[in-house]
Amino acid sequence: MPAGFARRLLYQTERRPIPVQQDVKANVLLRNHVSVTGHGSQAMIFAAGFGCDQNMWRFVAPSFVDDYRVVLFDYVGAGKSDIEAYTPERYGSLDGYAQDVLDVLSALNIQRAIFVGHSVSCIIGLLASIREPERFDRLVMLGPSPCYLNDPPNYMGGFEKAALTGLLDMMEKNDLGWASFLAPTIMSHEAQPELTRELQDSFCATDPAIARNFAAVTFFSDNRADLPHATTPALVLQARDDAIASTAVGEYMHRHMPHSTYTLLDATGHCPHMSHPEEVIRAIREYLPYPACTSTTSTDSFYSLPCGFLAFTMEGKITTINDKLQQWLGHDADDLQGRPVDLILTDASRLFYQMYLFPMVRLQGKAENLHLALLARDGSELPVRVNGTCQNVNGQLIVECVMLQDTAS
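Remember, predicted model here, so these are calculated numbers, not experimental data. (Residues numbered from 1 in each chain as written. Predicted model: local features only at pLDDT ≥ 70, side-chain atom pairs only at ≥ 80, totals over all residues. Heavy atoms only, no water.)

A. Layout of the packing of aromatic side chains. Taken as a whole and assessed by the stated rule, the structure comprises 17 aromatic pairs. A ring pair is formed by F115 and F136, whose centres lie 6.2 Å apart and whose planes are at 70°; its orientation type is edge-to-face. In this pair, F115 sits in strand β4 (residues 113-118) while F136 sits in strand β5 (residues 136-142), placing the two residues 21 residues apart along the sequence. For F115, a relative accessible area of 1% gives the class buried. Taking relative accessible area as the criterion, F136 reaches 5% and is therefore assigned buried. By the ring-pair criterion, three or more aromatic residues cluster together here, those being F50, F73, Y75, Y86, Y91, Y97, Y148, F159, F214 and F219. (Phe/Tyr/Trp six-rings, centres within 6.5 Å; stacked < 30°, edge-to-face > 60°. Helix = DSSP H or I, 4+ residues; strand = E, 2+ residues; numbered from the N terminus. Buried < 20%, exposed > 50% of the residue type's maximum accessible area, 1.4 Å probe, protein only.)

In structure tokens:
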């Protein structure tokens, strides 16, 4: 594969919403402005908090692209999502936002994802995991709260109803003026005023009516009863001196969620993923098991298999080709080592590989039951069925393909 072509494909898949064949899936990816990066076989999806978009994860998410398939998205109504898809009926509760998460995971055919949520997204992720637990492997909850209202004597969410009602009234009367009040409270970092300004700008970029509706849904939801129903293991990450979700709330989450782990950060404020990203990254890494994306299978074991095995780099250079595949193609041992994979593809298969197989493996981490025609040394064609996966092998991204002769062709 030409290096320039590979770079263009990587740019398209990493920096733009990802097109897929089915219209419904393509609509979801465009609707939620989904972007996918990373080299792993397991997905890690990041969900932003109230009034924020995926850009708020820019200090944390890049640290995981070497080990995971990192998925970023915007809720409908935030960031660069399709605002025309917003309806008050769907997004009149957190369930509508949970459905956004499930729609994105379904569109990308993701199972066993690691969900990383901030603030209200922690509860959104929890609701999604209860509804479809097979799509989640772990939850990472940064500054969660199941209920922001005080309910004495047994629960103190941090706010009286009158204060939150006043906030919503202020949002309605002042349009964007509320952002200048709320942003400093949430960020709580006078030493980093640029982060407060960024948060304020993010609030201001949201349609005022949508922002107010989301605020009402966020601050007046009570999901305490959902906590015991969690089946997905979870990490509760709590910052000190958080004006929005106190340490008492974080501890409450931990006590009432089975399979949960609680970590109190040295970071302060409600947005430590922006103010103290290194500490957040370290805490997540310490909690997660060794990345599932790393290949632990030696390619040596494939040389004697009765099926064909081929491995190549993202630049299209062959790294491994086993005895059976060399025999099928009529090549001597090590003939093709380091050569372009294009050399063993027919013209039609080369085009299919460049336009579909390579982008599919790069995006979804795998491609299954594909039909290709290989080009033998004597010029004959060999029809094969291919299953391919994308693996991180010793720090290098490798595509590994298992092939069977396609006798039905």
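There's more to say after this.
B. Structural view of unusual backbone geometry. With omega at 10°, the peptide bond leading from P152 into P153 counts as cis. Position of P153 relative to the elements: it lies in the loop between β6 (150-151) and β7 (155-156). The backbone phi angle of R112 is positive, close to 55°, even though this residue is not glycine. Secondary-structure assignment places R112 in the loop between α3 (94-107) and β4.

C. Inspection of the sheet that holds β4 at higher detail. Pairing in this open sheet of 7 strands is mixed, and the strands run β1-β3-β2-β4-β5-β8-β9 from one edge to the other. Bordering the open sheet on either side are β1 (35-38) and β9 (260-268), each of which pairs with just one other strand. Geometrically, the sheet is characterised by an average inter-axis angle of 20° between neighbouring strands, direction not taken into account. Relative to β4, strand β2 (residues 43-47) runs parallel, the two being bridged by 4 bridges. (Pairing = 2+ DSSP bridges. Axes fitted to C-alpha atoms, helices over the stretch in contact; angles between N-to-C directions.)

D. Here's a closer look at helix α9 (residues 247-256). Buried residues of α9: V249, G250, Y252 and M253, and no others. All buried residues of α9 lie within an arc of 155° about the axis, which places them on one face of the element. Considering only its buried residues, α9 is in contact with α4 (120-131), β5, β7, β8 (234-240) and β9. (Arc of directions from axis to C-beta. Contact = heavy atoms within 4.5 Å.)

E. Summary view of the confidence of the model for the protein chain. Looking at the protein chain as a whole, its pLDDT mean stands at 82, while 79% of the residues score no less than 70. Across residues 1-22 the pLDDT falls below 50, and counting only partners more than four positions away or on other chains, this stretch makes 42 contacts in the model. A low-confidence stretch, residues 292-301 (pLDDT under 50), is modelled with 20 contacts involving residues beyond four sequence positions or located in other chains. (pLDDT = per-residue confidence, 0-100.)

F. Region of the structure containing the nonpolar core. Core analysis: the biggest nonpolar cluster contains 59 residues, and L94, V101, L108 and I124 have the highest contact counts within it. Residue contributions to this core peak at 8 residues, all from α3. Excluding residues within four positions of it along the chain, L94 makes contact with V120, I123, I124, L127, F214, V217, S221 and N223. Counting 29 residues, the second largest nonpolar core, distinct from the first, contains L345, Y353, F358 and V361. (Core = buried A, V, L, I, M, F, W, Y, C linked by side-chain atoms within 4.5 Å.)

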